[in-house]
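# Structural description and commentary
Each chain is listed here by its residues.
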Amino acid sequence: MADTMTKPETDTKKKDFPVFENAQRVDGDEKFKGDPIQQAMGQFGKWHIIVCATVFLVKFPVAWHQMSTIFLAPNPNFKCANYSIEKCSPDCAEYEYDRSVFSETIITTFDLVCQNEHWANTAQTIFMSGILVGSILFGTLADKFGRRIPLVVAVFLQLISGVATSFSPWFWLFCLLRFVNAVATGGSMTTSFVLVMEITGVQWREVISIFYQIPFNFGHLTLPGFAYFIRDWRYLQLALSLPSIILISYYWLVPESPRWLFTVGRIDEASKVLEKSARMNKLPTEDIHRNLIAYKKQLTSEHSTQSKGNIWDLFRTPNMRTKTICMCFNWMVCGLGFFGLAQYIGQAVGNIYMNVAISAIMGLPGTLSCIYTMRRFGRKKSMIYANALVGISMLSIAFIPATESGAIIALSSIGLVGVTISFPTAYLYACELFPTVVRNIGVGTASMVARFGSMVAPFVAGLSATHHWLPPVIFGVASLTGMCLLFFLPETNGAPLPETLEDGENFGKKKKEGS
């Protein structure tokens, strides 16, 4: 796929000018109106396809490790080994488990039942807290050391910790290794997404941000296949971890982000990456290095007078405060809904493998439909409709008997479709809503809040053991609350991105008539 960008004109009288079509001389200096880095490698071509296809593979183990708790810690039927004693009596010293479906789980291995049953959900909460730590830690490392090396470190750490987890003799060590595995998983997500977005042209980022999620859906879909044939949690954990060996090849296959190289002043290395991409995309390679030097000087001059924002700027003014709170709450709803619904479906009555497979299949069209809904209805309406779908479908379960497993699975899967629409939309919505000076901080804060939702999700899903309708009611009410808060946000589709804090405060305000 060759880039369709118009090739720069050649003029022998302007040999000292930058070759890019959006470059011009202003007051005797070279100035760039466009993005010479993107123009050098093209908006999206063969080189981008190869890099993206390679990086996208990291989402398979991300899905496996995040969703594996469904099969690592399913609720078993059990009784006291001494039949004359009640199963949760203080006098019961040993338990007998039903192993007709799973030969061994972390619950049967570590006796996480009765007074210890909450530890299974705690283990998943610890894992989700690791995702949060990994996102922050590797985000910082990626800014300092680039995208490629932290990504390789993350997948290597994911491999080692994942394999080690399968040999854990104690529950606390299991939790510790799972936390480390989650840190690596969060790091691989952060660095890989940033890398993909930094090489993709503006008009392709919307589509690629959605395609980036598709391997996660396939990873979710293949998980019940692994679990069906591997019924012991140790071997399952090992099988889900070993494929990360392939990802260590990222050290040789994945290029460093040319934008990061350019930003930190490594112009020669950035030029080499851009020249390779340009050749593969059939674009001109001459003058790339010279133009990067000129562009660097321009940016250094322009940014010397600009100030950076901080997290407090998200709450300092009324309109920004409202937008931040509404957006963060919706991210929390997404985290709570996605991981909570996945576990709730896994705990529902019926065949656990079929239930999880159905929910994974339903998530795929939801993710793909984001491309249409965001373009057809915009970001705001897409999230409103998606949250309404989740809320209505989940609240409907409250009126269905627990024995109607088919209806419960169907409605829960419909709710999961809504979540898979709202989550990718929320990411792009937040990127467009926050002004440039605090965009990374805003999106990072919203993502952090989403992790808190995912940390609570296991406990909410676990309430089905008490009342089958209680988790979906919580999921439904949370989604409808998020839907109502969305009405306070402006639509961003097609609007110019806010740049300064003043732009962010004014963006979405109703103008007085005649102003």
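Coordinates for the structure precede this section.
Residues numbered from 1 in each chain as written. Predicted model: local features only at pLDDT ≥ 70, side-chain atom pairs only at ≥ 80, totals over all residues. Heavy atoms only, no water.

## Let's talk about the overall build of the chain
Across its full length, the chain carries 22 helices and four strands. Sequence-distant contacts in the chain: of pairs separated by 6 or more residues, those separated by 24 or more amount to 77%. Total accessible area computed for the chain in this model is approximately 23400 Å², and 63% of it derives from carbon and sulfur atoms. (Helix = DSSP H or I, 4+ residues; strand = E, 2+ residues; numbered from the N terminus. Contact = heavy atoms within 4.5 Å. Areas by Shrake-Rupley, 256 points an atom, 1.4 Å probe, with all protein chains shown as cover.)

## What to know about the nonpolar core
Core analysis: the largest hydrophobic core is formed by 123 residues, its most contacted members being Phe71, Phe174 and Trp331. No other element matches the 14 residues that helix α17 (residues 318–347) contributes to this core. Excluding anything up to four places from it in sequence, Trp331 contacts Phe423, Ala426, Tyr427, Ala430, Val443, Ala446, Ser447 and Ala450. Val207, Ile371, Ala386 and Val417 belong to the second-largest nonpolar core, a separate cluster that totals nine residues. (Core = buried A, V, L, I, M, F, W, Y, C linked by side-chain atoms within 4.5 Å. Buried < 20%, exposed > 50% of the residue type's maximum accessible area, 1.4 Å probe, protein only.)

## Remarks on the environment of Phe167
Within the secondary structure, Phe167 is located in the loop between α7 (148–165) and α8 (171–199). For Phe167, a relative accessible area of 60% translates into the label exposed. For the pair formed by Phe167 and Tyr235, sequence separation is 68 residues and the distance between their alpha carbons is 9.2 Å. In this structure Phe167 touches Arg234 and Leu238, once residues within four positions along its chain are discounted.

## Focus on the packing of α7 against helix α11 (residues 233–241)
Each packed pair of helices is defined by two parameters, the angle between the axes and the distance between the axes. In the contact formed by α7 and α11, the axes pass within 8 Å of each other and the chain directions differ by 170 degrees. The orientation of α7 with respect to α11, classified from their angle, is roughly antiparallel. Handedness of the α7/α11 crossing: left-handed. Of the residues in α11, those in contact with Leu159, Gly162, Val163 and Thr165 of α7 are Trp233, Gln237, Leu238 and Ser241. Partitioned by chemical class, the residues of the contact of α7 with α11 number four nonpolar, four polar and no charged. (Axes fitted to C-alpha atoms, helices over the stretch in contact; angles between N-to-C directions. Parallel < 35°, antiparallel > 145°, perpendicular 65-115°, else oblique. Left-handed = near helix turned anticlockwise from the far one by under 90°. Nonpolar A, V, L, I, M, F, W, Y, C, P; charged D, E, K, R; others polar.)

## So, the pattern of salt bridges
Inspection of every chain in the model, using the stated rule, returns five salt bridges. The partner of Glu96 in a salt bridge is Lys79, with the nearest N and O atoms 3.9 Å apart. Here Lys79 lies in strand β3 (residues 78–80) and Glu96 lies in strand β4 (residues 95–97), a separation of 17 residues in the sequence. We note a salt bridge from Arg147 to Glu198, for which the minimum N-O separation is 2.6 Å. Residue Arg147 is found in the loop between α6 (118–145) and α7, and its partner Glu198 is found in helix α8; the two are separated by 51 residues along the sequence. Residue classification places Arg147 among the buried positions, given a relative accessible area of 8%. (Salt bridge = Lys/Arg side-chain N within 4 Å of Asp/Glu carboxyl O.)

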